Amino acid sequence: GESVGLHLPTLSVQEGDNSIINCAYSNSASDYFIWYKQESGKGPQFIIDIRSNMDKRQGQRVTVLLNKTVKHLSLQIAATQPGDSAVYFCAENGSSNTGKLIFGQGTTLQVKP
Amino acid sequence: GAGVSQSPRYKVAKRGQDVALRCDPISGHVSLFWYQQALGQGPEFLTYFQNEAQLDKSGLPSDRFFAERPEGSVSTLKIQRTQQEDSAVYLCASSLVGLAGFGEQYFGPGTRLTVT
């Protein structure tokens, strides 16, 4: 069935270091991928998205890489800050045209001061 | 500007009670989604509206779950005869684009439902 999964449940990094959060997806029909950040007690917050016709997209301090050959997505956060501590989810649109998202289970990012 | 709002933020219901959860999407947003998020898990899709039309309800876990968006803006998710397994955070998201579009989904803060 359709699924999106993350390789590591928890990632701990030192403040100032770069973080890399990985994600594997299984639905080859997915053509839109998004990373969300979720802080405790809040809804998911959009970070960055990428369409399948791209393999890299950069935002402010964040970069998303897409490898369609191995169905792998990663989020890179440069110069990680304490405010980046949260749960990060990757999501894909699957084969639906409604825009509904399929989320992975999430990776907890802990930033040590 | 106003984002997506949900009410109540917290709801405690006794098993067997009916509950109604409200979502106010961003004004003018065409698409509205409901997701269910169990503790420690990612959100799972429940249902989708484009304006007032419910185009996908494939994620609703049982016929106890019902959603509506009668005027294409505010939406209500109703759960009848609540069960303990219904305990979760219910998230609402809205998007400016409609079918087959790629658009950012803006999430509300969620309603945490606890069934005792």
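Up top you'll find the structure we're talking about.
What counts and how
- Residues numbered from 1 in each chain as written.
- Chains lettered and ligands numbered in written order.
- Predicted model: local features only at pLDDT ≥ 70, side-chain atom pairs only at ≥ 80, totals over all residues.
- Heavy atoms only, no water.
- Helix = DSSP H or I, 4+ residues; strand = E, 2+ residues; numbered from the N terminus.
- Rg over C-alpha atoms; globule rule 2.2 N^0.38 Å.
- Buried < 20%, exposed > 50% of the residue type's maximum accessible area, 1.4 Å probe, protein only.
- Contact = heavy atoms within 4.5 Å.
- Areas by Shrake-Rupley, 256 points an atom, 1.4 Å probe, with all protein chains shown as cover.
- Lys, Arg positive; Asp, Glu negative; His and termini not counted.
- Charge placed at Lys NZ, Arg CZ, Asp CG, Glu CD.
- Disulfide = S-S within 2.5 Å.
- Pairing = 2+ DSSP bridges.
- Axes fitted to C-alpha atoms, helices over the stretch in contact; angles between N-to-C directions.
- Buried area = accessible area lost by both parts, 1.4 Å probe.
- Salt bridge = Lys/Arg side-chain N within 4 Å of Asp/Glu carboxyl O.

Caption draft 1: Broad picture of the overall build of chain B. Scanning chain B from N- to C-terminus turns up zero helices and 11 strands. Counted from the first residue to the last, chain B has its helices and strands arranged as β-β-β-β-β-β-β-β-β-β-β. Against the compact-globule benchmark of 13 Å for 116 residues, chain B has a radius of gyration of 13 Å, which places it among compact chains. Overall, the C-alpha framework of chain B stretches about 40 × 30 × 25 Å when taken along its three principal axes. Here chain B, with 116 residues, has 45% of them falling under the buried criterion. Contacts in chain B between residues far apart in sequence, at least 24 positions, make up 54% of those at least 6 positions apart. A total accessible area of about 5,600 Å² is found for chain B, and carbon and sulfur atoms account for 48% of it. With 11 positive and 11 negative side-chain charges, chain B shows a spacing of 8 Å between the two charge centroids.

Caption draft 2: Looking closely at unusual backbone geometry. Between S7 of chain B and P8 of chain B the backbone carries a cis peptide bond, its omega angle lying at -10 degrees. Note on placement: P8 of chain B falls in the loop between β1 (5–7) and β2 (10–13). The backbone of K71 of chain A shows a phi angle near 55 degrees, a positive value even though the residue is not glycine. For K71 of chain A, the position within the fold is in the loop between β7 (62–67) and β8 (72–77). We classify K71 of chain A as partly exposed; its relative accessible area is 28%. One non-glycine residue, A79 of chain A, adopts positive backbone phi at about 50 degrees. Mapped onto the fold, A79 of chain A is located in the loop between β8 and β9 (86–92).

Caption draft 3: Local environment of the state of the cysteines. Following the criterion strictly, the structure yields two disulfides over all chains and no others. Disulfide partner of C23 of chain A: C90 of chain A, at an S-S distance of 1.8 Å. On the sign convention where negative is left-handed, the bridge of C23 of chain A and C90 of chain A, at about 55 degrees about the S-S bond, is right-handed. You can see C23 of chain A sitting in strand β3 (residues 19–25) and its partner C90 of chain A sitting in strand β9, a full 67 residues away along the chain. A sulfur-sulfur separation of 1.9 Å characterises the disulfide bridge that pairs C23 of chain B with C92 of chain B. Disulfide C23 of chain B-C92 of chain B: torsion about the S-S bond near -65 degrees, hence left-handed. One end of the pair, C23 of chain B, is in strand β3 (residues 19–24); the other, C92 of chain B, is in strand β9 (residues 88–95), with 69 residues separating them in the sequence.

Caption draft 4: Region of the structure containing the pairing of β3 of chain A. All names here are of chain A. Side chains S19, I21, C23 and Y25 of β3 all project onto a buried face; the interleaved residues I20, N22 and A24 project onto a face where none is buried. Here β3 pairs with β8 via six bridges, running antiparallel. Paired with S19 across the two strands is I77, which belongs to β8.

Caption draft 5: Structural context of the sheet that holds β1 of chain B. Residue and element names in this part refer to chain B. The antiparallel open sheet is built from four strands, whose spatial order is β1-β3-β8-β7. Each edge of the open sheet carries a strand with a single partner, namely β1 and β7 (65–68). Put simply, the sheet's adjacent strands are angled 15 degrees from each other on average, direction ignored. The pairing of β7 with strand β8 (residues 75–79) spans four bridges and is antiparallel. Opposite A67, over in β8, you have L77 as the bridge partner.

Caption draft 6: Region of interest: the interface of chain A and chain B. Contacts between the two partners involve 20 residues from chain A, matched on the other side by 22 residues from chain B. Buried area between chain A and chain B, both sides added, is near 1,700 Å², and the carbon and sulfur share of it is 55%. When the buried area of chain A at its contact with chain B is split by residue, T98, K100 and F103 of chain A rank highest and sum to 28% of it. On the surface where chain A and chain B come into contact, there are one salt bridge.

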